[in-house]
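These are the residues of each chain, in order.
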Amino acid sequence: MEIAIIAHDGMKAEMVQFLNKNKELLAKEHIKLIATGTTGSKAEKAGFKVNKMLSGPLGGDAQIAARVAEGKTQMVFFFKDPLASHAHEADINMLIRVCDVHNVPLATNPATAELLLQAISQQP
């Protein structure tokens with residue numbers, strides 16, 4: 001299962017904390033992580049193997065949306081910073097829309113991401 005991880009600047013530390021909390025599950029052989037550039041670099045520094053795309057504002061959100069549309073990415077964790085504005089808001093909305101169109105689970109906060117991980121941890 002390919003899981004995309006993305007976090008706005010104000011949420012990157014929270015994403016790394018979430019990843020560390022769930023390291024045992026995320027390190028399993030059947031789980032592959034992809035990420036936007038900066039989020040991926042932070043995850044790598046925390047010891048995770050990540051396939052990095054471009055930085056979000058440089059097209060990384062669009063690259064991940066394409067993987068969702070192609071059926072390559074089965075889940076997205078996008079920790080959005082609700083208190084900040086983002087110049088690439090159109091790309092963010094496009095990624096959310098593509099997840100909706102293709103019925104791909106999308107978590108925009110740690111609580112929802114935790115529930116999604118609980119669901120996949122119970123699969124055989």
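Residues numbered from 1 in each chain as written. Predicted model: local features only at pLDDT ≥ 70, side-chain atom pairs only at ≥ 80, totals over all residues. Heavy atoms only, no water.

- By the naming in an unreviewed UniProt entry, the chain is Methylglyoxal synthase, taken from Flavobacterium beibuense.
- We quote the UniProt Function (unreviewed entry) comment for the chain here in full: "Catalyzes the formation of methylglyoxal from dihydroxyacetone phosphate." (UniProt positions renumbered as here; feature names shortened; annotations may be inferred.)

## Here's the deal with the overall build of the chain
Thought 1: Along the backbone of the chain there are six helices and five strands.
Thought 2: Walking the chain from its N terminus toward its C terminus, one meets helices and strands in the order β-α-α-β-α-β-α-β-α-β-α.
Thought 3: Over its C-alpha trace the chain gives a radius of gyration of 13 Å, about what one expects of a compact globule, namely 14 Å for 124 residues.
Thought 4: Dimensions along the principal axes, computed over C-alpha positions, put the chain at roughly 40 × 30 × 25 Å.
Thought 5: Partitioning the intrachain contacts of the chain with sequence separation of at least 6 by distance along the chain shows that 71% fall at a separation of at least 24.
Thought 6: Taking the 13 positively charged and 13 negatively charged side chains of the chain as two groups, their mean positions are separated by 5 Å. (Helix = DSSP H or I, 4+ residues; strand = E, 2+ residues; numbered from the N terminus. Rg over C-alpha atoms; globule rule 2.2 N^0.38 Å. Contact = heavy atoms within 4.5 Å. Lys, Arg positive; Asp, Glu negative; His and termini not counted. Charge placed at Lys NZ, Arg CZ, Asp CG, Glu CD.)

## Details of the UniProt feature "binding site: substrate" (unreviewed entry) in the chain
Thought 1: Under the UniProt annotation, the feature "binding site: substrate" (unreviewed entry) is placed at His8, Lys12, Thr36, Gly37, Thr38, Thr39, Ser55, Gly56 and His88.
Thought 2: Along the chain, His8 falls in the loop between strand S1 (2-7) and helix H1 (12-21).
Thought 3: Mapped onto the elements of the fold, Gly37 is located in helix H3 (residues 37-45).
Thought 4: Judged by its relative accessible area of 13%, Gly37 is buried.
Thought 5: If sequence neighbours within four positions are ignored, Gly37 has contacts with Lys52, Met53, Leu54 and Ser55. (Buried < 20%, exposed > 50% of the residue type's maximum accessible area, 1.4 Å probe, protein only.)

## Topic: the environment of Lys42
Thought 1: Topologically, Lys42 is positioned in helix H3.
Thought 2: Those residues in contact with Lys42 that lie beyond four places of it in its chain are Lys12 and Val16.

## A closer look at the nonpolar core
Thought 1: By size, the foremost hydrophobic cluster in this structure holds 23 residues, and its most contacted members are Ile3 and Phe77.
Thought 2: Counting only elements with at least two residues in this core, the list comes to S1, H1, helix H2 (23-26), strand S2 (32-35), strand S4 (75-79) and helix H6 (110-121).
Thought 3: Counting residues in hydrophobic clusters, the runner-up holds 15 residues, among them Ile34, Met53, Val68 and Leu95. (Core = buried A, V, L, I, M, F, W, Y, C linked by side-chain atoms within 4.5 Å.)

## A short note on the pairing of S2
Thought 1: Relative to S2, S1 runs parallel, the two sharing four bridges. Each bridged residue has a counterpart across the sheet, and for Glu2 the counterpart in S2 is Lys32.
Thought 2: Since S2 and strand S3 (residues 50-52) lie parallel, the crossover through H3 that links them has a hand, and here it is right-handed. (Pairing = 2+ DSSP bridges. Right-handed = clockwise from strand over helix to strand, strands pointing away.)

## Notes on helix H4 (residues 60-69)
Side chains that are three or four residues apart share a direction in an α-helix, a result of its 3.6 residues per turn.
Thought 1: For H4, the set of buried residues is Gly60, Asp61, Ile64, Ala65, Arg67 and Val68. The arc enclosing the buried residues of H4, seen along the axis, measures out at 160°, which places them on a common side.
Thought 2: Against the buried residues of H4 lie S1, S2, S4 and helix H5 (89-101). (Arc of directions from axis to C-beta.)

## What to know about the sheet that holds strand S5 (residues 106-107)
Thought 1: Spatial strand order, S3-S2-S1-S4-S5: five strands in an open sheet with parallel pairing. In this open sheet, the two edge strands, each paired with only one partner strand, are S3 and S5.
Thought 2: Taken together, the five bridges between S1 and S4 define a ladder with parallel strand orientation. Across the sheet, residue Ala7 finds its bridge partner in S4, namely Phe79.

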